[in-house]
Amino acid sequence: SEYDDFVDQLIAEVESVEENVWAQMKWPIPLPSYRVKLGCMSRMLTRLLDGEDQRKRAAVATLVRQLATSKGVRGMEREADIRTRDETTMEEMLARTPQGL
């Protein structure tokens, strides 16, 4: 279908910058670069997938849907960074759990 072709093209665009060092860097200021924006999208996709490549098409569709209501891909990445910075990891929770529970 056309939708599947469109999502596949988006995935190919995002994957095209995975080897580009400049695109994969997090820049402290917004740069007017298509590759840098694709790099942001690539990092967010990696974060969403967490090693589960079979969900890639759904993850890309979710990111594109969120872009409609956000301040751009860089703003979405910044918001995700803020949210995950304050989250407690599983290792921290296990370390805090008393022995014998």
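Small disclaimer: the values here were computed from a predicted structure and weren't measured. Within each chain, residue numbers correspond to sequence positions counted from 1 in written order. For a predicted model such as this one, the threshold for reporting local features is a pLDDT of at least 70, and the threshold for listing and counting side-chain atom pairs is 80 or more; totals across whole chains, interfaces and linings nevertheless cover every residue. Water and hydrogen atoms play no part in the side-chain values, which are based on all heavy atoms of the structure.

Chemist: What should I look at first to understand the packing of aromatic side chains in this one?
Modeler: The description of an aromatic ring pair rests on the distance of the ring centres and on the angle between the ring planes. Each aromatic pair joins two rings of Phe, Tyr and Trp (for Trp, the six-membered one) with centres within 6.5 Å, and gets the label stacked for planes under 30 degrees apart, edge-to-face for over 60, and tilted for any other angle. Under the defined criterion, the tally for this structure stands at one aromatic pair. Between W22 and W27, the aromatic rings sit 6.1 Å apart at their centres with planes inclined by 20°, giving stacked as the arrangement. Relative accessibility under 20% of the residue-type maximum defines a buried residue, over 50% an exposed one, and the middle range a partly exposed one, all with a 1.4 Å probe and only protein chains included. Note on W22: relative accessible area 56%, which makes it exposed. Assessed through its relative accessible area of 26%, W27 is described here as partly exposed.

Chemist: Quick question: what am I supposed to make of the side chain of E77 here?
Modeler: Helix numbering and strand numbering both begin at the N terminus, where a helix is a DSSP run of H or I of at least 4 residues and a strand a DSSP run of E of at least 2. In this fold, E77 is placed in helix α5 (residues 73-85). Residue classification places E77 among the buried residues on the basis of a relative accessible area of 5%. Here, two residues are considered to be in contact whenever any of their heavy atoms come within 4.5 Å of each other. Residues within four places of E77 in sequence aside, it is in contact with K26, C40, R43, M44 and R47.

Chemist: Even after reading the chapter, I still don't get the nonpolar core, so can you show me in this structure?
Modeler: The nonpolar side chains of a soluble globular protein tend to be buried with one another. Nonpolar cores are built from buried Ala, Val, Leu, Ile, Met, Phe, Trp, Tyr and Cys residues. Side-chain atoms within 4.5 Å join them into one set. By size, the foremost hydrophobic cluster in this structure holds 16 residues, and its most contacted members are V14, M41, M44, L45, V60, L63 and V73. The dominant element in this core, judged by the number of residues it contributes, is helix α3 (residues 34-49), at six residues. Among residues more than four places away in sequence, those in contact with V14 are L38, M41, S42 and L45.

Chemist: Would you take a moment to explain α3 for this structure?
Modeler: Residue pairs three or four apart in sequence face the same way in an α-helix, which turns once every 3.6 residues. For α3, which comprises 16 residues, the first-to-last C-alpha distance of 22 Å matches the rise-based estimate of 22 Å (1.5 Å per residue) to within 8%. Taken together, the buried residues of α3 touch α1 (2-15), α2 (21-24), α4 (56-67) and α5. What qualifies as a polar contact is a pair of N or O atoms within 3.5 Å, subject to a donor-acceptor requirement within protein and to the restriction that residues adjacent in sequence count only when both atoms come from side chains. One side-chain oxygen of the residue at the start of α3 lies 3.3 Å from the amide nitrogen of R35, identifying that residue as S33. A positive phi of about 50° marks D50, the residue just after α3. Expected helix span is given by 1.5 Å per residue-to-residue step, counting one fewer step than there are residues.

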